Amino acid sequence: MSKPAENIAILGLQWGDEGKGKLVDLLSTNFRNVVRFQGGNNAGHTVVINGESIALHQIPCGAHHPECFLIIGSGTVLSFEVFHQELECLHKRGIDILDRLLLSDKAHIILPYHIAIDNWRESGSVAIGTTGRGIGPTYEAKAARHGVRLGDIKAANLLEKISIVYKEACLKIGSSASLPTPETVFEKLRELASPLLKCIGNAQEYLYNAWKQGESILFEGAQATMLDIDHGTYPFVTSSNCSIGGLFIGTGLPPKALNKVIGVAKAYTTRVGAGPFPSELNNSIGEQIRKAGHEFGTTTGRPRRCGWLDAIALRYACHVNGVDALGIMKLDVLDDLERIGIVNGYQTEDGKLLHTPPSSAQEWEKLEPVIEYFDGWTKPTKGAKSWSSLPTQAQKYLKAIEKIAETPIAYISTGPDREEGLFT
Ligand code: GDP
Ligand code: IMO
Ligand code: MG
């Protein structure tokens, strides 16, 4: 066996959209394999190359590097329609990936019925602001053991499997809903899957062999710890485990195959959809951050809610994931602020000071943030490429983040482009 490579996971530590895509793209040059292991096209990971912005939803961001082999693990859910759009988007840029792609035969397929159930539920009284991509219902079908997997596409009973999901959707939504027939879904699925059949296979075995042969593996997390179904702000979460445990479930690799965890956070906080957000700024500063950071969803275009960095949530996420080093993104977005806040405590209604997040969203909604303010910086950080070129106030702010998160910073991003940022 050759010398083992250092395998790294990139995980979101907040409520998503931290800039994972940029970091995965940057690091991919050093990796043979790049893997997505959970989530689906609820994710939107952006890479900016020479001023051109490219968002991928299911295909790993290693796609931009021709030498990277791309794997979509068993813990993911997949939309074939969106997959084809992504292939087309890459093709237009001269990138073809079909000869360096493996889709797990155990990954689940998002059917139109799952999307219909998602939207039906969201139109009711318990809306949580999902992306409407059918993610929750596809994971529900998996847990209910009537999911349809990529490996089922060639199976003789595919139509039967689709019919079970159809019947379930009719029971929920009502048979008057204009759902496509199972036959129509079956035909369309076979048509969309046909060019990809050669890419469907045993991803666990592939990854095990890659690991044993010392090939390097980069794991690309989607969503983030605060959206994790177990460890996030339940029920305002997604339906997969986006924190570290999901990596092993979603690949079939054992924990010892992973050497390092890089946690990614913005220098402030954003969240799309409903749910607790104690450091939210419902004022002109929140507006200013949204504008400066172009904080509109990559997948749905919704305006993202903006607020100060929530150090309680950040430290918690570092603990859950065993984060070795931080990537702090979008520092430049704070360039024009006079002062910058970090939430480093929550005050309960009865005057108690909390330094860890509560378990329930109801408790969380009632908390008042305790904010520590830092001076804004006297010169911009935009495009900075070295620690010494950062203004001292920004250095002080970053040092405070390291201290509160109990984790060193390995990368600081100072603009969306590949070139903008520095490894410490
Ligand atoms: P992901 O889901 O974690 O990959 O993040 P998204 O791609 O959804 O959102 C991050 C957004 O911020 C994208 O539009 C990136 O191009 C952009 N971005 C990443 N890093 C920086 C940065 O350092 N500064 C600025 N201004 N934008 C950044
Ligand atoms: P990336 O990988 C930000 C949020 C939705 C909603 C909740 C549940 O780009 O960081 P779902 O459709 O998953 O059932 O929605 O999760 N959400 C994200 N927010 N970034 C994402 O992915 C997200 N994926 C899901 O807005 O609040
Ligand atoms: Mg995103």
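Each value, and the rule that gives it
- Residues numbered from 1 in each chain as written.
- Chains lettered and ligands numbered in written order.
- Predicted model: local features only at pLDDT ≥ 70, side-chain atom pairs only at ≥ 80, totals over all residues.
- Heavy atoms only, no water.
- Helix = DSSP H or I, 4+ residues; strand = E, 2+ residues; numbered from the N terminus.
- Rg over C-alpha atoms; globule rule 2.2 N^0.38 Å.
- Buried < 20%, exposed > 50% of the residue type's maximum accessible area, 1.4 Å probe, protein only.
- Contact = heavy atoms within 4.5 Å.
- Areas by Shrake-Rupley, 256 points an atom, 1.4 Å probe, with all protein chains shown as cover.
- Donors = N, O, S within 2.8 Å, 3.2 Å for Na, K, Ca; no water.
- Near = heavy atom within 4 Å.
- Polar contact = N/O pair within 3.5 Å; in protein donor to acceptor, adjacent residues only side chain to side chain.
- 1 Å grid on protein atoms, 1.4 Å probe; cavity = no way out; pocket = protein on both sides within 12 Å on 5 of 7 lines; lining within 4 Å.
- Sits in = over half its atoms within 2 Å of the grid points.
- Nonpolar A, V, L, I, M, F, W, Y, C, P; charged D, E, K, R; others polar.
- Domains from an automatic or database assignment.
- Salt bridge = Lys/Arg side-chain N within 4 Å of Asp/Glu carboxyl O.
- Pairing = 2+ DSSP bridges.
- Axes fitted to C-alpha atoms, helices over the stretch in contact; angles between N-to-C directions.

Some words on the overall build of the chain
In step 1: Counting its regular elements, the chain contains 12 helices and 20 strands.
In step 2: In summary, the chain has a C-alpha radius of gyration of 21 Å against a globular reference of 22 Å for 424 residues, a match within 12%.
In step 3: With 424 residues in all, the chain has 58% of them scored as buried.
In step 4: For the chain, the proportion of contacts with a sequence separation of at least 24, taken over those separated by at least 6, is 75%.
In step 5: With the model as given, the accessible surface of the chain reaches about 17,700 Å², and the carbon-plus-sulfur share is 52%.

What about the coordination of the magnesium ion (ligand 3)?
In step 1: Only D17 (OD) and G44 (O) from the protein coordinate the magnesium ion (ligand 3), and they sit 2.0 to 2.2 Å from it. Remark: G44 occurs in the loop between β2 (33-36) and β3 (45-49) and D17 occurs in the loop between β1 (8-12) and α1 (20-28); sequence separation between them is 27 residues.
In step 2: For D17, a relative accessible area of 21% gives the class partly exposed.

Some details on the site of ligand 2
In step 1: Around ligand 2 sit 20 residues, and of these K20, H45, T131, Q223 and T238 come closest.
In step 2: Note that an oxygen atom of ligand 2 is positioned 2.6 Å from one of the side-chain N or O atoms of T131.
In step 3: A distance of 2.8 Å is found between an oxygen atom of ligand 2 and a backbone nitrogen or oxygen belonging to Q223.
In step 4: Against a free-state accessible area of 550 Å², the protein chains account for coverage of 98% of ligand 2.

Brief notes about the site of ligand 1
In step 1: Residues in close proximity to ligand 1 total 19 residues, the closest being K20, T46, T298, D332 and S413.
In step 2: In the environment of ligand 1, an oxygen atom lies 2.8 Å from a nitrogen or oxygen atom belonging to the backbone of G44.
In step 3: Between ligand 1 and S413 there is a distance of 2.5 Å, counted from an oxygen atom to a side-chain nitrogen or oxygen.
In step 4: When ligand 1 is considered free in solution it has 590 Å² of accessible area, and contact with the protein chains removes 91% of it.
In step 5: At a threshold of 2 Å from the grid points, most atoms of ligand 1 map onto the second largest pocket.
In step 6: Elements with a contribution of two residues or more to the shell around ligand 1: α1 and β3.
In step 7: When the residues that make up the shell around ligand 1 are grouped by side-chain class, the tally is three nonpolar, nine polar and seven charged.
In step 8: Summarising the domain contributions, the shell around ligand 1 has at least three residues from each of domain 1 (8-104 + 200-261) and domain 3 (265-423).

A short note on the pattern of salt bridges
In step 1: Under the defined criterion, the tally for this structure stands at 15 salt bridges.
In step 2: In this structure, E168 and K172 form a salt bridge, with 3.9 Å as the shortest nitrogen-oxygen distance. Pair noted here: E168 and K172 are both in helix α5 (residues 158-173), with a separation of four residues, about one helical turn.
In step 3: Given the relative accessible area of 31%, K172 is considered partly exposed.

Some remarks on the pairing of strand β4 (residues 52-56)
In step 1: Pairing of β3 with β4 involves five bridges; the strand directions are antiparallel. Each residue of the ladder has a partner; that of V48, found in β4, is S53.
In step 2: From the end of β3 to the start of β4, which pair antiparallel, there are two residues, and N50 there has a positive phi angle of about 50 degrees.

A short note on the sheet that holds strand β7 (residues 101-104)
In step 1: Taken in spatial order, the 10 strands line up as β9-β7-β5-β2-β10-β1-β11-β15-β19-β20 in an open sheet, and their pairing is mixed. Edge strands, defined here as strands with exactly one partner in the open sheet, are β9 (200-201) and β20 (421-423).
In step 2: Strands in contact with helix α7 (residues 203-212) are β2, β5 (69-72), β7, β9 and β10 (217-220); relative to β5, the strand with the most contacts, it is inclined by about 135 degrees.
In step 3: Lying on the sheet, helix α12 (residues 392-405) is in contact with β15 (325-329) and β19 (409-413); it crosses β15 at an angle near 140 degrees.

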